[in-house]
Amino acid sequence: RGRPGGPGVSAEPVEGVKLDPLRLANDASKPLASKLMAVPALRERYLGYVRDIAENWLDWNKLGPIAERYQRLIAEDIKKDTRKLDSTENFEKSLTEDISGGGGFGPSVKISLKNFADQRREYLLNHPAIKTLPR
């Protein structure tokens, strides 16, 4: 019998913004990733890429205009969609506003893309393995 959720699925819950970038480093069910992360030079290189993404691409000043452009691009199709899982109003708000609402399992909050990017950026830039990387 494997862990709950099937083989390779962690039983511990994960809060998306706090997903450890080194989660796979000790995961025996991911042999390639764990072996690569065991090589110090590759681990450092990977963490350097993670830091670059956090510093440059999760910065809302850079990501925001890109996300807004894509949202405008698909906005008309979202309005026409008769099978969407959420309202057009929530789609329009979702870039910068958290959305509260009921779901099939009670009340829920969906964080905005901006809120996710800001929190994820902060988490990654404060991660001990990333903070101690040489520049």
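Residues numbered from 1 in each chain as written. Predicted model: local features only at pLDDT ≥ 70, side-chain atom pairs only at ≥ 80, totals over all residues. Heavy atoms only, no water.

Orientation of helix H3 (residues 60-80) relative to helix H5 (residues 113-125), taken along the N-to-C sense of each, is 155°, at an axis distance of 11 Å. Taken together, the axes of H3 and H5 lie roughly antiparallel to each other. Between H3 and H5 lies a crossing of right-handed hand. Across the interface between the two elements, Trp60, Leu63 and Ala67 from H3 touch Leu113, Lys114, Ala117 and Asp118 from H5. Here the residues of the contact of H3 with H5 are counted per class, giving five nonpolar, no polar and two charged. (Axes fitted to C-alpha atoms, helices over the stretch in contact; angles between N-to-C directions. Helix = DSSP H or I, 4+ residues; strand = E, 2+ residues; numbered from the N terminus. Parallel < 35°, antiparallel > 145°, perpendicular 65-115°, else oblique. Left-handed = near helix turned anticlockwise from the far one by under 90°. Contact = heavy atoms within 4.5 Å. Nonpolar A, V, L, I, M, F, W, Y, C, P; charged D, E, K, R; others polar.)

Here we come to the packing of aromatic side chains. Summed over all chains, the structure comprises zero aromatic pairs. Between the NZ or CZ atom of Lys62 and the centre of the ring of Trp57, over which it lies, the distance is 4.0 Å. (Phe/Tyr/Trp six-rings, centres within 6.5 Å; stacked < 30°, edge-to-face > 60°. Lys NZ or Arg CZ within 6 Å of the ring centre and 35° of its normal.)

Turning next to the pattern of salt bridges. Counted by the stated rule, this structure contains five salt bridges. The partner of Glu55 in a salt bridge is Arg135, with the nearest N and O atoms 2.6 Å apart. Highlighted residues: Glu55 in helix H2 (residues 40-57) and Arg135 in the segment after helix H6 (128-131), separated in sequence by 80 residues. In this structure, Lys93 and Glu89 form a salt bridge, with 3.3 Å as the shortest nitrogen-oxygen distance. Highlighted residues: Lys93 and Glu89, both in helix H4 (residues 88-93), separated by four residues, approximately one helical turn. Exposure remark for Lys93: the relative accessible area of 28% places this residue in the partly exposed category. (Salt bridge = Lys/Arg side-chain N within 4 Å of Asp/Glu carboxyl O. Buried < 20%, exposed > 50% of the residue type's maximum accessible area, 1.4 Å probe, protein only.)

On to a nonpolar patch on the surface. On the surface, Leu32, Leu36, Val39 and Leu42 cluster together into a nonpolar patch covering about 330 Å² of accessible area. Position of Leu36 among the secondary structure elements: in helix H1 (residues 31-37). (Patch = residues over 30% accessible without salt bridge, like charges linked within 9 Å, V, L, I, M, F, W, Y side chains within 5 Å. Areas by Shrake-Rupley, 256 points an atom, 1.4 Å probe, with all protein chains shown as cover.)

Within the secondary structure, His127 is located in the loop between H5 and H6. Reaching out from His127, the side chain makes a polar contact with the backbone nitrogen of Ala129 at a distance of 3.1 Å. Apart from the residues lying within four places of it in its own chain, the contact partners of His127 are Asp20, Pro21 and Leu22. (Polar contact = N/O pair within 3.5 Å; in protein donor to acceptor, adjacent residues only side chain to side chain.)

To continue, consider the packing of H2 against H5. Two elements in contact, H2 and H5, have axes separated by 9 Å at closest approach and are oriented at 140°. Of the possible angle classes, the one that applies to H2 and H5 is oblique. Helix-helix and strand crossings are classified by hand; for H2 and H5 the assignment is left-handed. Facing H2, whose interface residues are Val50, Arg51, Ala54 and Glu55, H5 presents Arg121, Leu124 and Leu125.

Interpretation note: all reported values are geometric properties and have no functional meaning in isolation.
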